[in-house]
Amino acid sequence: MRGFAVHNPFVTSICKQLRGRIRPDAKAISLIKGIDVNEDGFRLITDMIQESLHIKACVLSGANIASEVAEEKFCETTIGYRVRADGELFRDIFHTPSFRVNIVEDVIGVELCGALKNIVAIGGGLVDGLKLGDNTKAALIRIGLYEMRKFSKMFYSSVMDETFFESCGVADLITTCAGGRNRKVAEAHVTTGKSFDQLEQEMLNGQKLQGTSTAKDMFDILSKRGLLHEFPLMTTIYRICYENLPPMRIVEDI
Ligand SMILES: NC(=O)C1=CN([C@@H]2O[C@H](COP(=O)(O)OP(=O)(O)OC[C@H]3O[C@@H](n4cnc5c(N)ncnc54)[C@H](O)[C@@H]3O)[C@@H](O)[C@H]2O)C=CC1
Ligand SMILES: O=C(CO)COP(=O)(O)O
């Protein structure tokens, strides 16, 4: 078994190092919440792993803030599989009384939920920094979930609606908009006026934000296809992160 739990830019080099060193019947699981953008469009991380190593890859994603998982506080997670036996294998490995695993036959949906919710979580932090309150946060979560589903189904019609009701969908969106690094740094962007890059360095102790880079990835994908107007929330979050748009535009533009 091979587990991938790094930021997406490192996957290519890690796969290169692993090539020829793993058994052909090995199974991979990605815990990564991101996508890979290239000239032709974008790829899922599980596809990168499968293409590079010629082994089958599942994905695990859910409402799983690392510090709470480490303290064994109860949570749920979702494993997306292509081959049911692989999903069951990984469920048996990861499932514990405090870490409840549900498996679904929708790798793409699980993976895109994990990547896209990080953009919405940046919005959650902006709402907190602006002290807009719980109703605004709920509106942001609803619109964010709507855009996540719309994007996923626009590019992959096989993505299942039910996946958005799993831990990887609405639950991860709620937890990351309430806690997590993306939310924390976005809140500080409002309260300090510092850039996301500077705050990432000051606040994350060497860790990386996924939400800002995925906002840029999504913006690049949508702008190439003339689809930005269909995703006002995600587009505004990108512009606040990268084009100095005032944070208040988070509510004015949606
Ligand atoms: N921390 C969390 O609460 C959760 C994180 N995730 C996802 O897991 C992924 C990783 O996030 P974290 O574990 O939080 O990040 P992290 O920064 O704690 O760990 C990243 C890992 O990448 C390794 N690394 C750093 N530079 C590298 C390089 N140049 N080449 C190869 N490996 C390198 C580090 O040694 C470390 O093991 C992200 O996609 C994140 O969204 C998913 C669920 C929860
Ligand atoms: O994905 C996460 C929790 O499920 C972690 O989110 P952050 O990267 O915002 O900390």
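One structure accompanies this document, and this report is about it. Sequence order sets the numbering: in each chain, residues are counted from 1 along the sequence as written. Think of it this way: whatever chain is written first is A, whatever ligand is written first is 1, and the rest follow in order. Selection of residues for local features in this predicted model requires a pLDDT of at least 70, selection of side-chain atom pairs for listing and counting requires 80 or more, and totals for whole chains, interfaces and linings are taken over all residues. Each side-chain value is derived from all of the structure's non-hydrogen atoms; neither hydrogens nor water enter the calculation.

### Side note on the overall build of the protein
Part 1: A tally of regular secondary structure across the protein gives twelve helices and seven strands.
Part 2: Its C-alpha atoms give the protein a radius of gyration of 18 Å, near enough to 18 Å, the size a compact globule of 254 residues would have.
Part 3: Taken along the three principal axes of its C-alpha coordinates, the protein extends 50 × 40 × 35 Å.
Part 4: Relative accessibility thresholds used throughout: buried, under 20% of the residue-type maximum; exposed, over 50%; partly exposed, between the two (1.4 Å probe, protein chains only). Within the protein, the fraction of its 254 residues that count as buried is 51%. Under the scheme used here, helices are H or I runs from DSSP no shorter than 4 residues and strands are E runs no shorter than 2 residues, and both carry numbers assigned from the N terminus. Our radius of gyration looks at C-alpha atoms and nothing else; its globule reference is 2.2 Å times the residue count to the power 0.38.

### Looking at the sheet that holds strand β6 (residues 75-80)
Part 1: With mixed pairing, five strands are arranged side by side in an open sheet as β1-β2-β5-β6-β7. This sheet does not close on itself; its edge strands, each paired only once, are β1 (2-4) and β7 (99-104). Neighbour to neighbour, the strand axes of the sheet diverge by 25 degrees on average, direction disregarded.
Part 2: Any two strands with at least two DSSP-identified bridges between them are counted as paired. Both strand β5 (residues 56-61) and β6 contribute to a ladder of three bridges, which runs antiparallel. Bridge pairing links Ser61 to Thr78 in β6.
Part 3: Strands β5, β6 and β7 of the sheet are contacted by helix α5 (residues 107-129), whose axis makes an angle of about 45 degrees with β5. For helices, the fitted axis covers only the stretch in contact; all axes are lines through C-alpha atoms, and the angles between them, taken along N-to-C directions, range from 0 to 180 degrees. Whether two residues are in contact is decided by their heavy atoms, any of which lying within 4.5 Å being enough.

### Comments concerning a nonpolar patch on the surface
Part 1: Two joining distances apply to patches: 9 Å for like charges and 5 Å for nonpolar side chains (Val, Leu, Ile, Met, Phe, Trp, Tyr), and every residue must have over 30% relative accessible area and no salt bridge. Accessible surface area values rest on a Shrake-Rupley calculation with a 1.4 Å probe, where residue burial reflects the displayed protein chains alone. The salt bridge criterion pairs a side-chain nitrogen of Lys or Arg with a carboxyl oxygen of Asp or Glu, the two atoms within 4 Å. Taken together, the side chains of Met1, Leu89 and Ile93 make up a nonpolar region of the molecular surface, amounting to roughly 280 Å² of accessible area.
Part 2: Assignment of secondary structure puts Ile93 in helix α4 (residues 84-94).
Part 3: Its relative accessible area of 45% is what places Ile93 among the partly exposed residues.

### As for the packing of aromatic side chains
What describes a pair of aromatic rings is the distance from one ring centre to the other and the angle between the planes of the rings.
Part 1: Each Phe, Tyr or Trp ring (for Trp, its six-membered ring) is paired with any other whose centre lies within 6.5 Å, and the angle between the two planes then decides the class: stacked below 30 degrees, edge-to-face above 60, tilted in between. Counted by the stated rule, this structure contains seven aromatic pairs.
Part 2: An angle of 35 degrees between the planes, with centres 5.7 Å apart, marks the rings of Phe42 and Phe151 as tilted. With a gap of 109 residues between them, Phe42 in strand β4 (residues 41-43) and Phe151 in helix α6 (residues 134-155) connect regions that are remote in the sequence. Of the two residues examined, Phe42 and Phe151, each falls in the buried class.
Part 3: Consider the rings of Phe151 and Phe155, whose centres lie 4.7 Å apart with planes at 40 degrees: the pair is tilted. With Phe151 and Phe155 both in helix α6, this residue pair falls four residues apart, about one helical turn.
Part 4: Members of the aromatic cluster, connected to one another through ring pairs, are Phe42, Phe151, Phe155, Tyr156 and Phe231.
Part 5: Note on criteria: charge over ring means Lys NZ or Arg CZ within 6 Å of the ring centre, with the direction from the centre no more than 35 degrees off the ring normal. Across from the ring centre of Phe231, 5.4 Å away, lies the NZ or CZ of Lys150, which sits over that ring.

### Notes on the layout of surface pockets
Part 1: Each pocket or cavity is described by its volume, and for the largest pocket that value is around 760 Å³.
Part 2: Along its surface, the largest pocket is lined by 27 residues, and Leu31, Lys33, Asn64, Ala66 and Arg181 are the ones closest to its centre.
Part 3: If you list the elements that add at least two residues to the lining of the largest pocket, you get β5, α3 (66-70), α5, α7 (167-178) and α8 (181-192).
Part 4: Within the lining of the largest pocket, the residues separate by chemical class into eleven nonpolar, eleven polar and five charged.
Part 5: Either an automatic procedure or a domain database provided the assignment from which the domain bounds are taken. Each of two domains, domain 1 (2-107) and domain 2 (108-252), supplies a minimum of three residues to the lining of the largest pocket.
Part 6: A 1.4 Å probe that fits but cannot get out identifies a cavity on a 1 Å grid over protein atoms alone, an open set with protein on both sides within 12 Å along at least five of seven lines counts as a pocket, and a residue lines either if it has an atom within 4 Å of a point. Around the second largest pocket sit 13 residues that line it, and His7, Asn8, Pro9, Gln210 and Ser213 are the ones nearest its centre.
Part 7: Looking at the lining of the second largest pocket element by element, the count peaks at three residues for helix α10 (residues 211-224).
Part 8: Under the grouping applied here, Gly and all other residues not named as nonpolar or charged are polar, the nonpolar ones being Ala, Val, Leu, Ile, Met, Phe, Trp, Tyr, Cys and Pro and the charged ones Asp, Glu, Lys and Arg. Residues that form the lining of the second largest pocket fall into these classes: four nonpolar, five polar and four charged.
Part 9: Each of domain 1 (2-107) and domain 2 (108-252) contributes no fewer than three residues to the lining of the second largest pocket. Grid points are joined across faces, edges and corners, and a volume is the space filled by probe spheres set on the points.

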